[in-house]
Amino acid sequence: MSKVFDKIRKRFSAEFVFNKALFFSAICTMFLLIATFVTLLIESLPSIKKFGLKFISGKTWDPVANEFGALPFIAGTLLTSFIAVIIAMVFSIAIAIFLGEYFRKGIFSTFISSMIELLAGIPSVIYGFWGLFILVPVVREIEIKFNIAPFGIGIATASIILSIMIIPYSASVAREVITLVPTDIKEAAYSLGATRYEVIRKIIVPYVRSGIFAGILLALGRALGETMAVTMVIGNSNFLPKDIFGPGNTMASIIANEFAEASGNLYVSSLVEIALLLLIITIIINMAGKYIINRMSI
Amino acid sequence: MNDAKPTIRILKDHIFKSFIIALSLVAILPLLFILFYIIRNGISFISWQFITNLPRPVGETGGGISNAIIGTFILISIACILSIPFGILTGIYLAENKKGKFSYFISLSVDALQGIPSIVIGILAYIWIVKPIGRFSALSGGVALGIMMLPVIVKTTEETLILIPDSLKEASLALGVPYYKTILKIILPSGLSGITTGILLSVSRIAGETAPLLFTAFGNPFMSCNIFQPIHSLPLLIFTYAISPYEEWHALAWGASLILIGIVLTLNIISKIVIKKWKVQF
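Residues numbered from 1 in each chain as written. Chains lettered and ligands numbered in written order. Predicted model: local features only at pLDDT ≥ 70, side-chain atom pairs only at ≥ 80, totals over all residues. Heavy atoms only, no water.

1. Focus: the overall build of chain A
The number of helices and strands found in chain A is 12 helices and two strands. Helices and strands appear in chain A in the N-to-C order α-α-α-β-β-α-α-α-α-α-α-α-α-α. For 298 residues, the compact-globule formula gives about 19 Å, and the C-alpha radius of gyration of chain A, at 25 Å, lies well above that figure. The dimensions of chain A, computed from C-alpha atoms along their principal axes, are 85 × 65 × 35 Å. In chain A, buried positions account for 52% of the 298 residues. Within chain A, residue pairs in contact and separated by at least 24 positions form 72% of the contacts whose partners lie at least 6 positions apart. (Helix = DSSP H or I, 4+ residues; strand = E, 2+ residues; numbered from the N terminus. Rg over C-alpha atoms; globule rule 2.2 N^0.38 Å. Buried < 20%, exposed > 50% of the residue type's maximum accessible area, 1.4 Å probe, protein only. Contact = heavy atoms within 4.5 Å.)

In structure tokens, the structure reads:
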């Protein structure tokens, strides 16, 4: 009998409960990710069955005719994100060199790095609001000067806002990898009489190339999924974008615009399928970025 | 390296340096612009009445945003209640079982969770909660925000607890303290500053989040504290007012932006101070 009691006591001891609680919540976290995929997959089944692979290449998005193709949004997402990443790359590499090589300590570097951190803290809806009322008129002026249709809103404006939003992320990754460059090879180069520029060009940049690439991937992952700021300035046109100054839509912005009002099973399911595609793309890109960084720092 | 022309090399060096400094300064200009415009357009709105009154229809002056402020706090509280216990427990698990069978997969899924776009999380909360209940609700918004907080809390808890030396734990165990008491009374309090920072950072991240609330919390022009009813929040209010055609609503949105930015940046700065003052050091 006492053996049975021991077993029961062990089963209900605080120790046992605590260990199980730890394990349970860890498993729940993992389950959350699996549930995410499964839910989106189940909900998008009607649209997957109806359109198949044509969903990705379809150019028309017409809820009235029940015709759904995601190509305009995939194109919009890729266009805005890539332009944003290219703009952000220039600035974030400059910031990383500034903070990692020229001004490692001191008031100047504290000022710049805390400013950049604040930039990361501003909510995306405020970026969108500011963009809509301050940046759009500026872009419109520029477009009038260059004789382009003066929408103001559009893919170019969205890319500029996005690039401002992702600079902090790519800059912080780039800065981290620049500090990983071994001091002795830098010192060796200086002792040979190399200038700062030459050390950066020939020692630091080749050393951190893959790390900067990882930073770009992580920034790209953020840019792809960014919703509010883009939705507010991109112009929301469901047609394939003709040029970068015209209005468009991204995968995230079409969901933001239409999901609450979507009626009909197929309509909702098509929007969920877009979400599923977006999820898969961002997770692959994020994982690739994290993998490269982990490999570098070991 | 060409010895014949040292001046050209030095010139290049100078040009490069000024280039880097110029680009870095240009990159922070948008921040200054954003802060400048929001403070300039929003400061005249900040008054006791703006914070305590309900919004009025277009045409009537003197509306406030009290329902959005209360709503934001309710949404954040729901998110915290859901995600903090799970986040901390998962963080402890990962820190304690570094080489465990599941740890690798769990930290992989935490990384993946962190990368999920917020709008996708909104859709999840819609499918899981709004659809079964049959209406938009504060609860579904809180769940969406909680899912967004979770990975940040797990990561910061894990990173903080890894820094705490094993000797501390060994000393406690050697005195005969049970394992769970060692974790709860020795390890967790030692890492409290890191965990607090993680929570503050994740709250400041979700406080301004709008996308998942569009079709979960949905917004509500009246005061509501019922978690099964739609609820308003500051970012949502800024969005709806900003894209409305009315001048007065745009002006209200600037005021609301100033309050939201104030909340978010204050949380950010507090978490900085917490890191600096009570950093885990051994």
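2. A short note on the confidence of the model for chain B
Atom-level detail of predicted coordinates should not be read off regions where pLDDT is low. Residue and element names in this part refer to chain B. Mean pLDDT over chain B works out to 88, with 95% of the residues at or above the 70 mark. The weakest mean pLDDT in chain B belongs to helix H2 (residues 48-52) at 80; the strongest belongs to helix H6 (residues 138-163) at 94. Under the prediction, the complex receives an ipTM of 0.89, its pTM being 0.91. (pLDDT = per-residue confidence, 0-100.)

3. Let's talk about the packing of aromatic side chains
For the coordinates displayed, the defined rule picks out 27 aromatic pairs over all chains. When the centroid spacing of 5.3 Å and the interplanar angle of 70° are considered together, the rings of Phe36(B) and Tyr37(B) count as edge-to-face. The buried category is assigned to Tyr37(B), whose relative accessible area is 19%. Linked through ring pairs, Phe51(A), Phe55(A), Trp61(A), Phe68(A), Phe73(A) and Tyr267(A) together constitute an aromatic cluster. In this structure, Arg222(A) is placed above the aromatic ring of Tyr169(A), and the distance from its NZ or CZ to the ring centre is 4.1 Å. (Phe/Tyr/Trp six-rings, centres within 6.5 Å; stacked < 30°, edge-to-face > 60°. Lys NZ or Arg CZ within 6 Å of the ring centre and 35° of its normal.)

4. A look at the packing of helix H9 (residues 192-207) of chain B against helix H11 (residues 247-277) of chain B
Residues and elements named next belong to chain B. In the contact formed by H9 and H11, the axes pass within 9 Å of each other and the chain directions differ by 165°. Taken as axis vectors, H9 and H11 run roughly antiparallel relative to one another. Where H9 crosses over H11, the handedness of that crossing is left-handed. Seen from H9, the contacting residues are Ser193, Thr197, Leu200, Leu201, Val203, Ser204 and Ala207; seen from H11, they are Leu260, Val264, Leu267, Asn268, Ile270, Ser271, Val274 and Ile275. Split into classes, the residues belonging to the contact of H9 with H11 amount to 10 nonpolar, five polar and no charged. (Axes fitted to C-alpha atoms, helices over the stretch in contact; angles between N-to-C directions. Parallel < 35°, antiparallel > 145°, perpendicular 65-115°, else oblique. Left-handed = near helix turned anticlockwise from the far one by under 90°. Nonpolar A, V, L, I, M, F, W, Y, C, P; charged D, E, K, R; others polar.)

5. Considering unusual backbone geometry
Phi is positive for Asn66(A), which is not a glycine, with a value near 55°. Considering the arrangement of structural elements, one finds Asn66(A) in the loop between strand E1 (61-62) and strand E2 (67-68). The backbone of Phe218(B) shows a phi angle near 70°, a positive value even though the residue is not glycine. Within the secondary structure layout, Phe218(B) lies in the loop between H9 and helix H10 (234-242). Judged by its relative accessible area of 40%, Phe218(B) falls in the partly exposed class.

6. Here's the deal with the interface of chain A and chain B
Counting residues at the interface gives 75 residues for chain A and 76 residues for chain B. At the boundary of chain A with chain B, total buried surface from both sides reaches about 7100 Å², with 83% on carbon and sulfur atoms. On the chain A side of the contact with chain B, Phe18(A), Phe129(A) and Trp130(A) bury the most area, a combined 9% of that side's loss. Viewed at the interface, chain B and chain A are joined by four salt bridges. Ionic pairing is found between Lys272(B) and Glu117(A), a salt bridge with its closest N-O pair at 2.5 Å. Our enumeration of links across chain A and chain B arrives at 10 residue pairs in polar contact (both at pLDDT 80 or more). Considering each element in turn, the side of chain A that touches chain B owes the most residues, 21 residues, to helix H2 (residues 14-51) of chain A. Here the residues of the side of chain A that touches chain B sort into 57 nonpolar, 12 polar and six charged. (Buried area = accessible area lost by both parts, 1.4 Å probe. Salt bridge = Lys/Arg side-chain N within 4 Å of Asp/Glu carboxyl O. Polar contact = N/O pair within 3.5 Å; in protein donor to acceptor, adjacent residues only side chain to side chain.)

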